[in-house]
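Okay, here's what each chain looks like letter by letter:
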Amino acid sequence: MGSSFGRGRDDRDRLYLSNGGTDVFLDVLALAACELARSGFERSFALLLCNSRIGMGNDDFDLDELPWSAEFIAERGFLLRVIELAASGFRWGMLSYDPPYAEAHLRQYGEVVRGYTPPGEAVEVARMWDEHPAESAFERCGRHGLFVGDYRDCRLCA
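Residues numbered from 1 in each chain as written. Predicted model: local features only at pLDDT ≥ 70, side-chain atom pairs only at ≥ 80, totals over all residues. Heavy atoms only, no water.

Participant: Pulling in residues and values, what's your account of the packing of helix α2 (residues 40–51) against helix α3 (residues 72–87)?
Facilitator: Relative orientation of the contacting elements α2 and α3 amounts to 45°, with a least axis distance of 10 Å. As the angle between them shows, α2 and α3 are arranged oblique. Read as a crossing pair, α2 and α3 show a hand that is right-handed. Residue-level inspection shows Phe 41, Glu 42 and Phe 45 of α2 in contact with α3, the latter providing Glu 75, Phe 78, Leu 79 and Arg 81. (Axes fitted to C-alpha atoms, helices over the stretch in contact; angles between N-to-C directions. Helix = DSSP H or I, 4+ residues; strand = E, 2+ residues; numbered from the N terminus. Parallel < 35°, antiparallel > 145°, perpendicular 65-115°, else oblique. Left-handed = near helix turned anticlockwise from the far one by under 90°. Contact = heavy atoms within 4.5 Å.)

Participant: Go over the side chain of Arg 7 with me, naming the residues and quoting the values.
Facilitator: By the secondary structure assignment, Arg 7 is in the loop between β1 (3–6) and β2 (14–17). Of note is the side chain of Arg 7, whose polar atom sits 2.8 Å from the side chain of Asp 13. Within polar-contact distance, the side chain of Arg 7 engages the backbone oxygen of Val 112 at 3.2 Å. Non-local contacts of Arg 7, meaning those with residues more than four positions away in its chain, are made with Asp 13, Arg 14, Asp 62, Leu 63, Asp 64, Glu 111, Val 112, Gly 115 and Tyr 116. (Polar contact = N/O pair within 3.5 Å; in protein donor to acceptor, adjacent residues only side chain to side chain.)

Participant: How would you summarise the pattern of salt bridges if you had to cite specific residues and measurements?
Facilitator: Within this structure, the stated rule accounts for 10 salt bridges. In this structure, Arg 155 and Asp 27 form a salt bridge, with 2.6 Å as the shortest nitrogen-oxygen distance. Here Arg 155, found in the segment after α4 (102–114), pairs with Asp 27, found in helix α1 (residues 19–36); they are 128 residues apart in sequence, far enough to count as distant. Comparing Arg 155 with Asp 27 shows no difference in burial state: the two are buried. (Salt bridge = Lys/Arg side-chain N within 4 Å of Asp/Glu carboxyl O. Buried < 20%, exposed > 50% of the residue type's maximum accessible area, 1.4 Å probe, protein only.)

Participant: Outline the packing of α1 against α2, listing residues and values.
Facilitator: Packed helix pairs are specified by the crossing angle of their axes together with the interaxial distance, meaning the distance between the axes. It is the contact of α1 with α2, at a shortest axis distance of 9 Å, that shows an interaxial angle of 150°. One element, α1, and the other, α2, form an angle in the roughly antiparallel class. For the pair α1 and α2, the sense of crossing is left-handed. Contact residues: Leu 26, Leu 29, Ala 30, Ala 33, Cys 34 and Leu 36 in α1; Glu 42, Ala 46, Leu 49 and Cys 50 in α2. Counted by class, the contact of α1 with α2 contains 9 nonpolar, no polar and 1 charged residues. (Nonpolar A, V, L, I, M, F, W, Y, C, P; charged D, E, K, R; others polar.)

Participant: Can you explain α1? Please cite residues and give values.
Facilitator: Taking 1.5 Å of rise per residue, 18 residues should cover 26 Å, and α1 covers 26 Å from first to last C-alpha, within 8% of that figure. Extensive coverage of α1 is indicated by the burial of 13 of its 18 residues. (Expected span 1.5 Å × (residues − 1).)

Participant: So what about the packing of aromatic side chains? Which residues, and what values?
Facilitator: In this structure the tally under the stated criterion is 11 aromatic pairs. The interplanar angle of 75° and the centroid separation of 6.2 Å between the aromatic rings of Phe 5 and Tyr 109 together place this pair among those described as edge-to-face. Remark: Tyr 109 occurs in helix α4 and Phe 5 occurs in strand β1; sequence separation between them is 104 residues. With relative accessibility at 0%, the residue Phe 5 sits in the buried group. Note on Tyr 109: relative accessible area 1%, which makes it buried. Centre to centre, the rings of Trp 68 and Phe 72 are 5.2 Å apart; their planes meet at 80°, and the pair counts as edge-to-face. Across this residue pair, the class does not change: Trp 68 and Phe 72 are buried. (Phe/Tyr/Trp six-rings, centres within 6.5 Å; stacked < 30°, edge-to-face > 60°.)

Written out as structure tokens, the structure is:
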């Protein structure tokens with residue numbers, strides 16, 4: 001089945017990944033996002049990555065689904081910094097596998113994010129993440145440094 005990551009209604013600029021490719025993509029993004037996240041939007045995006053573990057092609061999201069605010073430029077900048085840090089191989093040594101295609105997938109997704117601007121209508125925050133997540137979800141895995149998330153375990157340990 002697989003997953004896709006894109007801009008929303010625009011099918012031209014979309015990253016298509018197998019189920020395994022999606023797991024790798026989210027793993028390496030989560031490692032970088034948890035390291036860089038500071039603001040509410042940033043922490044919630046990192047938590048989204050850490051909580052994504054339904055599998056079987058159900059872990060994708062479109063940029064149009066994210067609850068962008070009036071701080072869109074800074075929020076998109078955060079996503080681009082996460083992608084860059086992940087593409088640099090940040091903490092890949094912590095993975096139990098070799099991610100040979102991750103850098104290319106991240107670079108492709110970076111182009112999708114770089115060219116994105118949100119639609120004019122506001123997005124309901126609850127569509128993608130809890131507006132007031134439990135602080136315990138942001139506790140860190142002692143081994144990988146990822147948020148333990150709503151499931152109370154690290155996506156890399158699980």
